Amino acid sequence: MMITMDRAEKQGELIAQKYNSGFPHAHDTYNAISRASNGKIYYILSSERIDEGGKMYAYDPRSDEITFLADLTDICGEAGQDAVVQGKSHARFYEYEGKLYFSTHVGYYQLIDGMDRLPENLPEGIDPYPGGHFLAYDPDTEVFEDLITVPGGEGLVTMNMDVVRGQLFGITWPTGQFVHYDVKRRKLYTKASTAERGEAGKPGVDFRTLCRSLLVNPDDGRVYFTVAEGEIFCYNPADQSLEKLDINLKLDYFGSYDPTQPGSMAYNWRKIFWYAPEKVAYGIHGNSGYLFRFDPNLQTVELVQRLTSEPSQRSGMFDQFSYGYLGFQLGPDGETIYYLTGGPVYEDGKRIKGQDRIAKGASKGVENLHLITYNISGRKYTDHGPIFYPDGTRPSYVNAIAVGNDGFVYTLARCIHGGNEISDLIKIPDPLFSR
């Protein structure tokens, strides 16, 4: 099928470069890419296979070379255990005292009623998933450290770190327990789920989509997260207390959702980060694409503007990825947001419509990938246009971002290698970089 785009999109396109990391089974990755202080880009390619774990790599922009570092299952000391492997990481890398901290997640699911579930029927001789791990990696010595396994055989779908105090935080999948690991004391604390039974629940009853982004306030160490109803919770690591704030994200501008049904992030924020100059956080609501400002001290939420692509705003429709996009990060200048999001595709002047509804986080149809920047202090929004590969095909399933200091934006996207569609590293010219 020939897909055509309007002329305005064609005039502003960006051309991405594909890389081949050498993992033929690489599947979609969420969040797991970061630029470290040594300038290298660290990333993980996921696996949805039962017997082959995800892989961790390092890309050096100076030499333009990729180095394979390790298999996640090997790092966790679980190779040869005849259990479901460590297939994913859903976490960025957080740098603390010279080490990179991250976590692991299950990659092998069973599709039940259109939803990803922990497998109920495993092949004979294969044990259930042992649970997600908190891990550390020293780039200087190239040594990994397995810190701890979270209880209950659940993965870590969400993670953040207080890089001032050395505290790790996570949300487990599928039930949504909150976990806290003190790196210095080597002690794990857990809190029961605030999201009913999370993504293990029954739709219409106790199902709740889990929050995919934790906010850490570096000034006091408190941690914030949302639930599908839009309520905001605050965890205090000092005394392991958890409280619900008086405000929430159930806003008319975000849309209307049934929190008990799968297929959207409902009123959860999709991604959020701390903005030190204003001592507030900036976040994005996944389905509507609205940028908002959250002040935890005043307990206020203010909408800033919609950060969806210009073609999306003109169409008036939501984008195709059912959960929204995780490629949302503050750039190297400390004041510009970089956001990788969707844009409609047109055929013969008509927008291609995807599926009306799906029961998990996935794309509902074909779409373009756009790079948006938003300068916070200048309140300047720019859509830099759609992104294509040199052959005219488009990156898809993009839910991660790392902004390099070398003039490129890095992400993980589906592309064709050897005739097969896999996920791999790509880099996009940074239109704000002075060359």
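Summarised in this report is the structure supplied together with it.

Conventions we followed
- Just so you know, the residues in each chain are numbered from 1, in the order the chain's sequence is written.
- Thresholds applied to this predicted model are a pLDDT of at least 70 for local features of residues and 80 or more for the giving and counting of side-chain atom pairs; totals over whole chains, interfaces and linings are not thresholded and use all residues.
- To get the side-chain values, take all heavy atoms of the structure and skip hydrogens and water.
- Each reported salt bridge corresponds to a side-chain nitrogen of Lys or Arg within 4 Å of a carboxyl oxygen of Asp or Glu.
- Burial status follows relative accessibility: with a 1.4 Å probe on protein chains alone, a residue under 20% of its type maximum counts as buried, one over 50% as exposed, and anything between as partly exposed.
- When DSSP finds two or more bridges between two strands, those strands count as paired.
- Strands are runs of DSSP state E lasting at least two residues, helices are runs of H or I lasting at least four, and both sets are numbered from the N terminus onward.
- Only the contacting stretch of a helix is used when fitting its axis, a line to C-alpha atoms as for every element, and angles between N-to-C directions run 0 to 180 degrees.
- Two rings from Phe, Tyr or Trp (for Trp, the six-membered ring) form a pair when their centres sit within 6.5 Å of each other. Planes less than 30 degrees apart are called stacked, planes more than 60 degrees apart edge-to-face, and all others tilted.
- Look at NZ for Lys and CZ for Arg. If either is within 6 Å of the ring centre and within 35 degrees of the ring normal, a charge sits over the ring.
- To form a nonpolar core, buried Ala, Val, Leu, Ile, Met, Phe, Trp, Tyr and Cys residues must be joined to one another through side-chain atoms within 4.5 Å.
- Whether two residues touch is decided by their heavy atoms; if any such pair falls within 4.5 Å, the residues are in contact.

**Focus: the pattern of salt bridges**
Tallied over the entire structure, the rule returns 19 salt bridges. Between Asp60 and Arg62 there is a salt bridge whose closest N-O contact spans 3.1 Å. By relative accessible area, Arg62 is classed as exposed at 64%. Arg414 is paired through a salt bridge with Glu421; the nearest N and O atoms lie 3.8 Å apart. When its relative accessible area of 18% is taken as the criterion, Arg414 is described as buried.

**Quick word on the sheet that holds strand 21 (residues 269–275)**
On the basis of which strands lie adjacent, the open sheet formed by 4 strands has the order 21-22-23-24 and antiparallel pairing. Each edge of the sheet is formed by a strand with only one pairing partner; in this case those strands are strand 21 and strand 24 (300–306). Going across the sheet, the axis of each strand differs from the next one's by a mean of 25°, ignoring polarity. Relative to strand 22 (residues 280–285), strand 21 runs antiparallel, the two sharing 6 bridges. Opposite Tyr275, over in strand 22, you have Val280 as the bridge partner.

**What to know about unusual backbone geometry**
Between Trp173 and Pro174 the backbone carries a cis peptide bond, its omega angle lying at 20°. Position of Pro174 relative to the elements: it lies in the loop between strand 14 (167–173) and strand 15 (178–182). Notably, Glu97 is not glycine yet its phi reads approximately 50°, a positive angle. Among the structural elements, Glu97 can be located in the loop between strand 7 (94–96) and strand 8 (99–103).

**Quick look at the packing of aromatic side chains**
Any two aromatic rings considered together are summarised by their centre-to-centre distance and by the angle between their planes. Evaluation of the coordinates by the stated rule reveals 29 aromatic pairs. Ring geometry for Phe273 and Phe328: centres 5.3 Å apart, planes at 35°, overall tilted. One end of the pair, Phe273, is in strand 21; the other, Phe328, is in strand 25 (residues 328–330), and 55 residues separate them in sequence. For the pair Phe321 and Tyr325, a centre-to-centre distance of 6.1 Å together with 45° between the ring planes defines the contact as tilted. Residues Phe321 and Tyr325 agree in their burial class; the two are buried. One aromatic cluster is present, built from ring pairs that chain together Tyr224, Tyr253, Phe254, Trp269, Tyr290, Phe292 and Phe294. Geometry around Tyr389 places Lys18 over its ring, the cationic atom sitting 5.0 Å from the centre. It is Lys55 that lies over the ring of Phe23; its NZ or CZ is 5.2 Å from the centre.

**Notes on the nonpolar core**
With 36 residues, the main nonpolar core has Ile171, Phe178, Leu215, Tyr224, Ile232, Trp269 and Phe294 as its most contacted residues. Sorting the residues of this core by element identifies strand 14, strand 17 (215–216), strand 18 (223–226), strand 19 (231–236), strand 20 (241–248), strand 21 and strand 23 (290–295) as the ones contributing at least two each. If you tally residues by element for this core, the top one is strand 19, at 4 residues. Apart from the residues lying within four places of it in its own chain, the contact partners of Phe294 are Leu215, Tyr224, Ile232, Leu245, Ile247, Trp269, Ile272, Val280, Ala281, Thr300 and Val301.

**As for the sheet that holds strand 31 (residues 402–403)**
Strand order across the open sheet formed by 4 strands is 2-33-32-31, with antiparallel pairing between neighbours. If you trace the sheet from one side to the other, it starts and ends with strand 2 (17–18) and strand 31, each paired once. Where strand 32 (residues 408–417) lies against strand 33 (residues 420–429), 10 bridges are found, and the strand directions are antiparallel. Bridge assignment links Cys415 to a residue of strand 33, and that residue is Ile422.

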